[in-house]
Amino acid sequence: MINKKLITTVLCLCPAFVSMTHAQDKLYPELFPLSDVQLLDGPFKHAQDLNRSVLLEYDVDRLLAPFLIEAGLKPKAEKFPNWPGLDGHVAGHYLSAMAMNYRAGDGEEFKRRMEYMLSELYKCQQANGDGYIGGIPNGKAGWKEIKKGNVGIIWKYWAPWYNLHKLYAGLRDAWLYADSELAKKMFLDYCDWGIGVISGLNDEQMEQMLNNEFGGMNEVFADAYQISGDTKYLDAAKRFSHKWLFESMRDGKDNLDNKHANTQVPKAVGYQRVAELSVQAKRSGDAVDYTRAAYFFWQTVTANRSLAFGGNSRREHFPDDADYLSYVDDREGPESCNTYNMLRLTEGLFRKDPKAAYADFYERALFNHILSTQHPVHGGYVYFTPARPAHYRVYSAPNEAMWCCVGTGMENHGKYGEFIYAHTGDSLYVNLFISSRLEWKKRRISLTQTTSFPNEGKTCLTITAKKSTKFPLFVRKPGWVGDGKVIITVNGKSIETTTAANSYYTINRKWKNGDVVEVQMPMNIRIEELKHHPEYIAIMRGPILLGANVGKENLNGLVASDHRWGHIAHGPLVSLFDTPMIIGDREKILQKLSQMKPVAGKPCTFTVPGLFEDKYAELELQPFASLHDCRYMIYWLSMSDSQYRSYQAEKKDAEKKRLQLDARTVDMVTCGEQQPEIDHNVKSNRSGTGNTHGAAWRKANNDGYFTYELSTNGKATLSLCVTYWGNENGNCRFSILINDQLLTNENLQNKWNSDKFMTVEYPIPTQMLKGKQQVSVTFKSQKGTTAGPIYSLRLLNQQWE
């Protein structure tokens, strides 16, 4: 069990002592510094090495340009054009990646780049004169207005606190991983500037402002408290709690339906840090409340809102319970950033309470999602991982496509060594089965883990020590083992082990040089169903999701350009009825899976006789993380023969219409969802959003309006397709305008009297579109009336191409 007294003692260390320790010991004393964990040959070392090469291809001066421009200094290169309005956000991630890769070993070039970035950013901070460093276009004017109490102006910018948080984290990491005292000074000065912005805001103004995405600002202010010992930073962290989410999570209420997922996850990371550091501040009430909030959020997302590979969300939002089928319908699957942040939350919860359940989730998400988000040859990063059968992912290229998931991707593959091992007091935890060598300097021993996991279910731990030393070794009992028998030997002899309540095998002995621990774990096959939709199944071998390559046709935009929506795999969808099915009841399917046959020369790859129809008889199952540059299967439609016939009769026509609509779509907006609306430059007045009937919407009242900008792709024969609810009883009369010209007037009141979604297609006159690459679409109410609710809108080709 974790030594609570020890943690309290470590957390209460004075700042002067903290500043003399190294790497993660400064903030996370239970984790080993990256420099003390060396990856050995295997998929994670390959990913780390490849990522190091890719990182050095990025043009640092272009990353820095937005900061110099906003500080009134001359940039040394032009800034990147992608994602305008979020200028500068990737630079913070890159700074973190430089520090991490320097600490991970053999990283002088990473240190040189990190120090160069710090020197340039310091010039910007000095030129700004108040501690501020930002690349947000015209950001200074916005922050001045917010400081005055005009918090509504935050919606005129693209998530400005979220943007700044990336540089806050980068400066913290330059100190945390690379011992930069300059970064520490810049970080604390930056925090002081942030406190100045919010100091005059009352609680109501703070809550209004925090409705806008703000990343992990609560986390970095909590870190500033641990670095400095000054409670003003912990107070600031609490002000960034966002009561709407915090109070619900604290009270055990799930209010995440249809909410932008990666807006919420970093908040929970901050809750955990506030909880962890409230012990140091002797604020026991906060420690309890914030722990409850962080844990309930983690439990809710991992148990109820995650897919088989550990990712969550579709179209960047958590669906509600009535809409889980959208995971396999939609081309925009779980976002890489979400899993990056869920792993950070998992680490934090583990530090306080080292349970195997945390490491089980970490393993699932790391081996299946994070590892899969890097192309194994060119090293590009992935944004969305579609769960739709027979769809595919697209990848970034260096110095293009500056997405948020490029930023987190820069960090992901540089810190694989961070959670393999942990320690508390004299206890050593083995959390992950990854080939690596640990130098436990305090105990003057090293531990070498040799494994080909997950190709086979075993690992070998070898102790190297100058003299014998006694300590308990905790080896995780994986949750996926189930009732299977785990065999542990020490120096070739089977041993009796005890299993602690936290599900770790405990080996407590006096260890000597050359001691060898071998662990054998059965890699059982099991099926996991999509929540609420047992007709869709995923196949798991141990913690590994098995998928299949089902073709390479029409992989449009496989390596993305700088196009604003290049991160989405826009190639045509494949009909669910043209993908492999698994026919039979569960017992028969599991029986066939238990007889899978290894494919010679392909590790962890299998054929399954009789599982698929003849057309797919030789289909190979392999770890999802190894599938690239292809259309893939990870969720399979599975049912008995009679069920499938009924399902096909009921769903095939609807599936055909869905694919036809998708093929005609030039551009679309899901109204009321954060990212699609930002992507389409939403503007509004007297307008609001909400969720009913399992879907998000936007409406405008009493002479209000809302406007989106949609791409025409230069086409002049288009229709506007709008989705409404079919039973609106209010005074829903409004006008629809194209580029401020009237397209039509609409009245939804008692139009259908039907409790289902209805779509209306409005042909757009050619003269409204001719010569235009994009158009504005406005929904405008009259006095006393409502425009909408509108659930989605599309520009459609009027004819097939």
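Residues numbered from 1 in each chain as written. Predicted model: local features only at pLDDT ≥ 70, side-chain atom pairs only at ≥ 80, totals over all residues. Heavy atoms only, no water.

### Re the UniProt feature "domain: DUF4986" (unreviewed entry) in the protein
At step 1: Taken from the UniProt record, the annotation "domain: DUF4986" (unreviewed entry) applies to residues 551-636.
At step 2: Taken end to end, residues 551-636 is 9% helix and 16% strand, and its two terminal C-alpha atoms sit 15 Å from one another. (UniProt positions renumbered as here; feature names shortened; annotations may be inferred. Helix = DSSP H or I, 4+ residues; strand = E, 2+ residues; numbered from the N terminus.)

### Notes on the packing of helix α11 (residues 217-228) against helix α12 (residues 231-239)
At step 1: Between α11 and α12, the shortest axis-to-axis distance is 7 Å and the interhelical angle comes to 165°. When the interaxial angle is binned, α11 and α12 end up roughly antiparallel. Along this stretch, α11 crosses α12, giving a crossing that reads as left-handed. Along the contact surface, α11 presents Asn218, Phe221, Ala222, Ala224, Tyr225 and Ser228, while α12 presents Thr231, Tyr233, Leu234, Ala236 and Ala237.
At step 2: Here the residues of the contact of α11 with α12 sort into eight nonpolar, three polar and no charged. (Axes fitted to C-alpha atoms, helices over the stretch in contact; angles between N-to-C directions. Parallel < 35°, antiparallel > 145°, perpendicular 65-115°, else oblique. Left-handed = near helix turned anticlockwise from the far one by under 90°. Contact = heavy atoms within 4.5 Å. Nonpolar A, V, L, I, M, F, W, Y, C, P; charged D, E, K, R; others polar.)

### Quick word on the UniProt feature "domain: Glycoside hydrolase GH146 substrate-binding" (unreviewed entry) in the protein
At step 1: Under the UniProt annotation, "domain: Glycoside hydrolase GH146 substrate-binding" (unreviewed entry) lies at residues 660-796.
At step 2: Within the segment residues 660-796, helix and strand shares are 11% and 58% respectively, and the terminal C-alpha atoms sit 10 Å apart.

### Focus: the sheet that holds strand β1 (residues 37-39)
At step 1: If you trace the seven strands from one edge of the open sheet to the other, you get β1-β4-β5-β6-β12-β8-β9, paired in antiparallel fashion. Both outer strands of the open sheet, β1 and β9 (493-494), are each paired with one neighbouring strand and no more.
At step 2: By the bridge criterion, four bridges tie strand β8 (residues 487-490) to strand β12 (residues 516-520) in an arrangement that is antiparallel. Each residue of the ladder has a partner; that of threonine 489, found in β12, is glutamate 518. (Pairing = 2+ DSSP bridges.)

### Topic: the pairing of strand β4 (residues 436-440)
At step 1: Side chains of β4 alternate between two faces, with Ser436, Leu438 and Trp440 buried and Arg437 and Glu439 left unburied.
At step 2: Across three bridges, the pairing between β1 and β4 is antiparallel. Within the sheet, the bridge partner assigned to leucine 39 lies in β4 and is serine 436.
At step 3: Direction of pairing for β4 relative to strand β5 (residues 445-450): antiparallel, over a ladder of five bridges. Across the sheet, the residue bridging to arginine 437 is threonine 448, located in β5.
At step 4: The turn linking β4 back onto β5 is made up of four residues, and arginine 444 within it adopts a positive phi angle of 60°. (Buried < 20%, exposed > 50% of the residue type's maximum accessible area, 1.4 Å probe, protein only.)

### Looking at the side chain of threonine 785
At step 1: In this fold, threonine 785 is placed in the loop between β29 (774-781) and β30 (786-790).
At step 2: Discounting residues that sit within four places of it in the chain, threonine 785 has contacts with Ala700, Asn701, Asn702, Asn731 and Arg733.

### Concerning the packing of aromatic side chains
At step 1: All told, the structure shown has 46 aromatic pairs when counted by the stated rule.
At step 2: Taken together, the ring pairs connect Tyr132, Trp143, Trp161, Tyr168, Phe187, Tyr190, Trp193, Phe214, Phe221 and Phe240 into an aromatic cluster.
At step 3: For lysine 26, the ring lying beneath its charged end belongs to tryptophan 175, and the centroid distance is 4.2 Å. (Phe/Tyr/Trp six-rings, centres within 6.5 Å; stacked < 30°, edge-to-face > 60°. Lys NZ or Arg CZ within 6 Å of the ring centre and 35° of its normal.)

### Observations regarding the pairing of strand β14 (residues 533-541)
At step 1: Among the nine residues of β14, eight are classified as buried, and the element is accordingly described as predominantly covered.
At step 2: With six bridges joining them, strand β13 (residues 525-530) and β14 adopt antiparallel strand pairing. Bridge pairing in β14 links glutamate 529 to isoleucine 537.
At step 3: Between β13 and the antiparallel strand that follows it, β14, lie two residues; histidine 532 among them carries a positive phi value of about 70°.
At step 4: As paired strands, β14 and strand β21 (residues 636-639) are joined by two bridges and run antiparallel to one another. Note that in β21 the partner of isoleucine 537 across the bridge is tryptophan 636.

### A word on the pattern of salt bridges
At step 1: Evaluated as defined, the whole model comprises 51 salt bridges.
At step 2: Residue aspartate 192 is joined to lysine 232 by a salt bridge in which the shortest nitrogen-to-oxygen separation is 3.1 Å. With a gap of 40 residues between them, aspartate 192 in helix α9 (residues 181-198) and lysine 232 in helix α12 connect regions that are remote in the sequence.
At step 3: A salt bridge links glutamate 673 to arginine 314; the nearest nitrogen and oxygen atoms lie 3.9 Å apart. Taken together, the positions of glutamate 673 in the loop between β22 (665-670) and α22 (674-679) and arginine 314 in the loop between α15 (284-304) and α16 (326-329) put the pair 359 residues apart, joining distant regions of the chain. (Salt bridge = Lys/Arg side-chain N within 4 Å of Asp/Glu carboxyl O.)

### Topic: helix α21 (residues 641-664)
At step 1: Look at α21: 33 Å from first C-alpha to last across 24 residues, which is about the 34 Å you get at 1.5 Å a residue.
At step 2: Lysine 651 marks the point of greatest bend in α21, at about 45°.
At step 3: Within α21, burial applies to Tyr644, Tyr647, Glu655, Leu659 and Arg664. (Expected span 1.5 Å × (residues − 1). Bend = angle between axes of the 7 residues up to and from the residue.)

### A word on the state of the cysteines
At step 1: If you walk through the whole model with that rule in mind, you get zero disulfides.
At step 2: Cysteine cysteine 191 is unpaired, with the sulfur of cysteine 124 as its nearest cysteine sulfur at 18 Å.
At step 3: Accessibility expressed as a relative area gives 0% for cysteine 191, which makes it buried.
At step 4: Not part of a disulfide, cysteine 460 finds its nearest cysteine sulfur in cysteine 604, a span of 20 Å. (Disulfide = S-S within 2.5 Å.)

### A word on the nonpolar core
At step 1: If you look at the biggest cluster of nonpolar residues, it comprises 192 residues, and the most contacted ones within it are Trp161, Met209, Phe240, Phe297, Leu473, Leu621 and Trp636.
At step 2: Per-element tally for this core: the top contributor is α9, with 10 residues.
At step 3: Beyond its immediate chain neighbours, meaning those up to four positions away, tryptophan 636 contacts Glu535, Tyr536, Ile537, Ile539, Leu546, Ala548, Pro580, Ile582, Phe612, Leu619 and Leu621.
At step 4: Val666, Tyr724, Val775 and Phe779 belong to the second-largest nonpolar core, a separate cluster that totals 29 residues. (Core = buried A, V, L, I, M, F, W, Y, C linked by side-chain atoms within 4.5 Å.)

### Digging into the environment of proline 376
At step 1: Following the sequence through the fold, proline 376 ends up in the loop between α18 (356-370) and α19 (404-412).
At step 2: The spatial distance from the C-alpha of proline 376 to the C-alpha of asparagine 51 is 9.5 Å, given a sequence separation of 325 residues.
At step 3: Once residues lying within four places of it in the same chain are set aside, the contact partners of proline 376 are His46, Leu50 and His628.

### Quick word on the sheet that holds strand β2 (residues 421-424)
At step 1: The five strands lie next to each other as β2-β3-β7-β11-β10, forming an open sheet whose pairing is mixed. In the strand order of this sheet, the two ends are held by β2 and β10 (498-499), each with one partner.
At step 2: Bridge analysis of β10 against strand β11 (residues 504-511) gives two bridges, and the strand direction is antiparallel. Bridge assignment links threonine 498 to a residue of β11, and that residue is threonine 506.
At step 3: Most of the contacts of α18 go to strand β7 (residues 469-476), to which it runs at about 60°, and overall it touches β7 and β11.

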